[in-house]
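Understanding the architecture of this molecule
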Amino acid sequence: MTLARQRWIYIRRRLLQGVLTVFLIVTANFFLLHLAPGDPASVLAGEAGASNPEFIAQLRAQFGLDRPLYVQYLKYLWETATFDLGHSFRFGESNLKLIAGRLPATLLLMVSAVFLSVLVGSSLGLIAAIKRKTYIEVGILLVAVLAYAAPVFWAGLMFIVLFSIKLEWLPTSGMSTVGAGFTGIRYAFDVAQHLVLPAFTLSLFYIALYTRLMRTSVLENLSLNYVVTARSKGLPGRRIVLGHVLRNAVLPVLTMAAVQIGGMLGGSVVVESVFGWPGLGLLAYESLFSRDLNLLLGILFFGAILVAVANLAVDIAYAAIDPRVILK
Amino acid sequence: MSAGGDSLAQRLRLNALLVAGGILLVGVVALAVLAGVLYPEDPFDMVGQPFRPPMSEDFPLGTDSLGRDIAAGIAHGARISLIIGIITALMSTLLGVLVGSIAGYYGGRIDTLLMRTTELFQTIPSFLFAIVVLAVLQPSIYTVIFAIVVVSWAPLARLVRGEVVSLRNREFVLGCVALGMSDLQIIIRQILPNALPSIVVAASVAVASSILFESGLSFLGLGDPNVMSWGLMIGMGRSVIRTAWWVAAVPGVAVLVTVLAINLLGDGLNEALNPRSASNFSGR
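Right, let's get into the overall build of chain B. A count of helices and strands for chain B gives 9 helices and 0 strands. On the principal axes, the C-alpha backbone points of chain B span a range of 75 × 55 × 30 Å. A separation threshold of at least 6 residues defines the contact pool for chain B, and within that pool the share at least 24 residues apart is 69%.

Moving on to the overall build of chain A. Across its full length, chain A holds 14 helices and 2 strands. Every one of the 328 residues in chain A was classed for burial, and the buried ones make up 41%. Once local pairs closer than 6 in sequence are excluded, the contacts in chain A between residues at least 24 apart make up 69%.

Our next topic: the environment of T63(B). For T63(B), the position within the fold is in the loop between helix 1 (7–38) and helix 2 (70–106). C-alpha separation for the pair T63(B) and A244(B), spaced 181 residues apart in sequence, amounts to 9.4 Å.

What follows is about the confidence of the model for chain B. All names here are of chain B. Chain-level pLDDT for chain B is 83 on average; 91% of the residues reach the 70-or-more range. Ignoring residues within four places in sequence, the model shows residues 1–5, a span with pLDDT below 50, making 1 contact including any to other chains. Here residues 278–284 scores under 50 on pLDDT; set against residues more than four positions off or in separate chains, the count is 17 contacts.

So, about the domain arrangement of chain A. All names here are of chain A. Here the domain parsing of chain A yields domain 1 (3–94) and domain 2 (102–322). Using only C-alpha atoms to locate each centre, domain 1 and domain 2 end up separated by 32 Å. Residue-level contacts link 22 residues of domain 1 with 18 residues of domain 2. Of all elements in the fold, only helix 1 (3–35) and helix 2 (40–49) reach the threshold of two or more residues within the side of domain 1 that touches domain 2. At 11 residues, the largest contribution of residues to the side of domain 1 that touches domain 2 is made by helix 1.

Once that is clear, we can look at unusual backbone geometry. Most peptide bonds take the trans configuration, and most residues that are not glycine carry a negative phi. Phi at K133(A) takes a positive value of approximately 60 degrees, unusual for a residue other than glycine. Looking at the secondary structure, you find K133(A) in the loop between helix 5 (95–130) and helix 6 (135–149).

This part covers the packing of helix 3 (residues 108–123) of chain B against helix 5 (residues 141–168) of chain B. Residue and element names in this part refer to chain B. As a packed pair, helix 3 and helix 5 sit with axes 8 Å apart at the nearest point and diverge in direction by 145 degrees. Handedness of the helix 3/helix 5 crossing: left-handed. Residues M115, T118, F121 and Q122 of helix 3 form the contact with helix 5, whose own contacting residues are A154, P155, A157, R158 and R161.

Once that is clear, we can look at helix 4 (residues 126–136) of chain B. Counting buried positions along helix 4 of chain B gives 11 out of 11 residues, so the element sits mostly inside the fold. Considered for burial, the residues of helix 4 of chain B that qualify are S126(B), F127(B), L128(B), F129(B), A130(B), I131(B), V132(B), V133(B), L134(B), A135(B) and V136(B).

On to the interface of chain B and chain A. Opposite the 38 residues of chain B that make contact, chain A presents 49 residues. Counting only elements with at least two residues in the side of chain B that touches chain A, the list comes to helix 3, helix 4, helix 7 (183–219), helix 8 (230–238) and helix 9 (246–273) of chain B. Sort the elements by how many residues they give to the side of chain B that touches chain A and helix 4 of chain B lands first, with 9 residues. For the side of chain B that touches chain A, the per-class residue count stands at 26 nonpolar, 8 polar and 4 charged.

Here helix 5 of chain A crosses helix 8 (residues 184–222) of chain A at 35 degrees, and the two axes come no closer than 6 Å. Pair helix 5 of chain A / helix 8 of chain A crosses with right-handed handedness.

With that out of the way, let us pick up the confidence of the model for chain A. Interpretation of this model should avoid reading the predicted coordinates in detail wherever pLDDT is low. On average, chain A scores 81 in pLDDT, and the residues at 70 or more come to 90%. Ranking the elements of chain A by mean pLDDT puts helix 14 (residues 324–327) of chain A last, at 59, and helix 5 of chain A first, at 89.

Right, let's talk about the environment of S140(B) for a bit. All names here are of chain B. Note on placement: S140 falls in the loop between helix 4 and helix 5. Given 15 C-beta atoms within 10 Å, S140 falls into the partly exposed group. Along the chain, S140 and V227 lie 87 residues apart, while their C-alpha atoms are 9.0 Å from each other.

About the criteria used
As a convention, each chain's residues are numbered from 1 in the sequence order in which they are written. Numbering of ligands from 1 and lettering of chains from A proceed in the order in which they are written. Since the coordinates come from a predicted model, pLDDT governs what is reported: local features require at least 70, and pairs of side-chain atoms require 80 or more to be given and counted, while whole-chain, interface and lining totals use all residues. A run of DSSP states H or I qualifies as a helix once it reaches four residues; a run of E qualifies as a strand once it reaches two. Both are numbered from the N-terminal end. Working definition of a contact: two residues with C-beta atoms, positioned from the backbone, lying within 7 Å. Three classes are used. A residue is buried when 20 or more other C-beta atoms lie within 10 Å of its own, exposed when 12 or fewer do, and partly exposed in between, with C-beta atoms placed from the backbone. How sure the predictor is of each residue is captured by pLDDT, a score from 0 to 100. Note that the domain bounds were set by an automatic or database domain assignment. The convention used is that axes are lines fitted to C-alpha atoms, helices contributing only their stretch in contact, and that angles between N-to-C directions extend from 0 to 180 degrees. Note on convention: the crossing is left-handed when the near helix lies turned anticlockwise from the far helix by less than a right angle, right-handed when the turn is clockwise. Basically, the charged four are Asp, Glu, Lys and Arg, the nonpolar ten are Ala, Val, Leu, Ile, Met, Phe, Trp, Tyr, Cys and Pro, and anything else, Gly included, counts as polar.

Next comes the structure, spelled out in structure tokens:
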């Protein structure tokens, strides 16, 4: 079999897997609604819409509750597959529009956090490894151990106390200064200022993880033969580390970062709600509070798609860069 | 790492990890056990003036916006954190051992089917999924445990499967097969004891991550509303963060110390039980 064909088979398998995950989520959504006490319409309407018979009637129609269960299930599958996610009673807009409107903010936050965690984590790990058995290493590892154990939302609150309230360096919440009407570069700078704390908070746990991973990885690489060769031909230490070890050592960090996109989406729910960052996570938090469950289910559906797409992109990149993965 | 010269230093480091983690954890467990003795009143009761800062008389950790004793909340919250951490880790580990050992031992189609299922569960956005489960079903200790177990058994299953596969064709196992031992006996009495060190370490990591997970859920108001928990306390302190930062800060430190203790113990156990493993992480 040719490599190109194997590559295609591999990617197709992963694509199928992503579709299956999303399908599983939709199915779980449907049965969760039926598991809850009361019929799905009254569950969905919750406390927010309970007093509004029109809304409940609309929901009953949307779910076709007078039909047999399997018909309802197929109807639900079909509607979800065609991105018909219903209407939000609370926000007075279609759920799809609401979600699509919040997607860019979440993507910005997540992409920043991924970059930040890989960059800072691998730098700190590299420094810890080459400054082995010094106080620098001890200090870095100590910070990493603490950051690894801290609840994200709590760290975010503490950053707000320190950097926004006490020092007044950075804004406490939101994505841009309300009413400032900035445009162009000034707007970008304003958003960047608002992004610093949420992105750093979201990446904190991953920075800790990658620091430790990178340190182990660098130490392992330093004991390999190619480093001995480089040393024996008289290459200076700095060039060995930056030119050879760094590239090899960072691979496990990148692999790990790719795997953790799903986890980061979960972290963004709490981080966004702490910082009032107007993304999917904050929308999930708001819909949770107004008991707008249909919207919440839509967000989970979109989250699953987001993770599946991200995983697929990573798989394709890997299959292109390193043919060994598809042969496993 | 070179052997010999390093071994004493390594052993000391190992002991330091285990001792530090152990002392911290014993402290948290003692607090949880003695919560009813130290603070017999309901931690939801108002016992003093609101917003007393830490180190004030009668209230070493201060009071919150409703005049509740933060120290009492911390002591009672320790219970729920530990109970949820331990029960979910045990259940996830049992499920992981069950699925992983069947997949690894029998191989073939069963293996493929079970591992594909496991991968599916691993790609679910876990926190969002747990939020939805708890928002639809009413939050209680049972639903919180259910939600956490559903999203955390998969990595354990993969780990166990890997261990079982590597042990499956070793001579002592093949010997048992030749002697006519049943599959169940071989798995339980021969294979799993050899995989135990890795399973124990992964289970300890699972306790720590469940505690973090639970604190996140109760921070969002998805914990059992009748039980005082650290996440709930942080959530309640959030609205008064400008005037009384300690209301949110103190319970966060409690979570951090507990998770830190378990992680240190886990790292120590890992170095003691799997001395050659390069990484201490089982991944999340």
